[in-house]
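Per-entry structural report
Residues per chain are reported as follows:
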Amino acid sequence: MMEDQEFRNKVKRIYLGLALFFGILIMGSGGIMYKMINPSFLIFDKKEITETYVEAEDFDKIENGIHLGTGFKDDEGLQTVIVSCTPCHSAKLVTQNRANKEGWISIIRWMQETQNLWDLGNNEAIIVNYLAKNYAPEEKGRRDNLEDVEWYDLEN
Ligand code: HEC
């Protein structure tokens, strides 16, 4: 009778051991599969922090007279322009436009009236000077008129 009981207990222990083993196996392989699908799982973001740091360092680099972070030309007033003109939209919206001083002022007024742009105070003059100098209308907006062209009549 005693032996029978002992035998049962042994079987029970083996059974529990196996159940535990397979449980761990299934959870482990589940984890590995999840990791394959989503590789950033269980990476505790050390790498991402260094990456942002490098990007932030590059942001203020100037190469060939161009500010890398924004694409603005490097000139007096650059930092003021970056601070004032990039919170709401990309710098590209600025750099793809051309205008003289009056033109830039009217763009700024339009944003102040309709887009919640704040009063730029003393910075406005700095910004307008920078923009009118670096993003002025191109001298030749149109091609030259044709001259000395020999016109001919179309026949039929
Ligand atoms: C408070 C937010 C805000 C700030 C700051 C801001 N803008 Fe804008 N700006 C806008 C919005 C909104 C538009 C419209 C965007 C669109 O049409 O998608 C716009 C559009 C523009 C355009 C395009 C206008 C057109 O006719 O298409 C230019 C150029 C521009 N901004 C220049 C500037 C300059 C230069 C500065 C810095 C002095 C500046 N923005 C700062 C909100 C802002």
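Residues numbered from 1 in each chain as written. Predicted model: local features only at pLDDT ≥ 70, side-chain atom pairs only at ≥ 80, totals over all residues. Heavy atoms only, no water.

The name an unreviewed UniProt entry gives the protein chain is Monoheme cytochrome C, with Flavivirga spongiicola as the organism.

**So, the overall build of the protein chain**
In terms of regular secondary structure, the protein chain is built from six helices and two strands. Ordered by position in the sequence, the α and β elements of the protein chain form the string α-α-β-β-α-α-α-α. Residues counted as buried form 18% of the 156 residues belonging to the protein chain. Pairs at least 24 apart in sequence give 46% of the contacts found in the protein chain among residues at least 6 apart. Taken as a whole, the protein chain presents about 13,600 Å² of accessible surface, with 58% of it coming from carbon and sulfur. (Helix = DSSP H or I, 4+ residues; strand = E, 2+ residues; numbered from the N terminus. Buried < 20%, exposed > 50% of the residue type's maximum accessible area, 1.4 Å probe, protein only. Contact = heavy atoms within 4.5 Å. Areas by Shrake-Rupley, 256 points an atom, 1.4 Å probe, with all protein chains shown as cover.)

**Overview of the environment of tryptophan 104**
Structurally, the position occupied by tryptophan 104 is in helix α5 (residues 101-114). Take tryptophan 104: its relative accessible area is 4%, and that puts it in the buried class.

**Focus: the coordination of the iron atom of the ligand**
Surrounding the iron atom of the ligand are the protein donor atoms His89 (NE2) and Met111 (SD), at 1.9 to 2.0 Å. Its six donor atoms give the iron atom of the ligand angles of 86 to 179° at the centre, a pattern that matches the octahedral case. Of the two residues, histidine 89 is situated in the loop between α3 (78-85) and α4 (91-95) and methionine 111 in helix α5; the sequence distance between them amounts to 22 residues. By relative accessible area, which is 17% here, methionine 111 ends up buried. (Donors = N, O, S within 2.8 Å, 3.2 Å for Na, K, Ca; no water. Tetrahedral: all angles 85-135°; square planar, octahedral: opposite > 155°, others 65-115°.)

**As for the site of the ligand**
By nearness alone, 18 residues border the ligand, and Cys85, Cys88, His89, Met111 and Gln115 come closest of all. Contact between the ligand and histidine 89: a nitrogen atom at 2.8 Å from a side-chain N or O atom of the residue. Of all the elements in the fold, those that place two or more residues in the shell around the ligand are α3, α4, α5 and α6 (123-134). Counting residues per element, the shell around the ligand draws most heavily on α5, which supplies four residues. Of the residues in the shell around the ligand, the class split is 13 nonpolar, five polar and no charged. (Near = heavy atom within 4 Å. Polar contact = N/O pair within 3.5 Å; in protein donor to acceptor, adjacent residues only side chain to side chain. Nonpolar A, V, L, I, M, F, W, Y, C, P; charged D, E, K, R; others polar.)

**Digging into the UniProt feature "transmembrane region" (unreviewed entry) in the protein chain**
Look at the UniProt record and you will see "transmembrane region" (unreviewed entry) annotated at residues 14-37. Each end of residues 14-37 is marked by a C-alpha atom, and these two atoms are 35 Å apart; helix forms 100% of the span and strand 0%. (UniProt positions renumbered as here; feature names shortened; annotations may be inferred.)

**Section: α3**
Count 3.6 residues to each turn of an α-helix, and residues three or four apart come out pointing the same way. When you tally the buried positions in α3, you get six out of eight residues, the bulk of the element. Looking at the buried positions of α3, the neighbouring elements they touch are β1 (62-63), β2 (66-67), α4 and α6.

**Here we look at α6**
In this model, α6 (twelve residues) spans 16 Å end to end at C-alpha, consistent with the 16 Å of a helix rising 1.5 Å per residue. Within α6 the residues assigned to the buried category are Glu124, Ile127, Val128, Tyr130, Leu131, Ala132 and Asn134. Elements that come into contact with the buried residues of α6 comprise α3, α4 and α5. (Expected span 1.5 Å × (residues − 1).)

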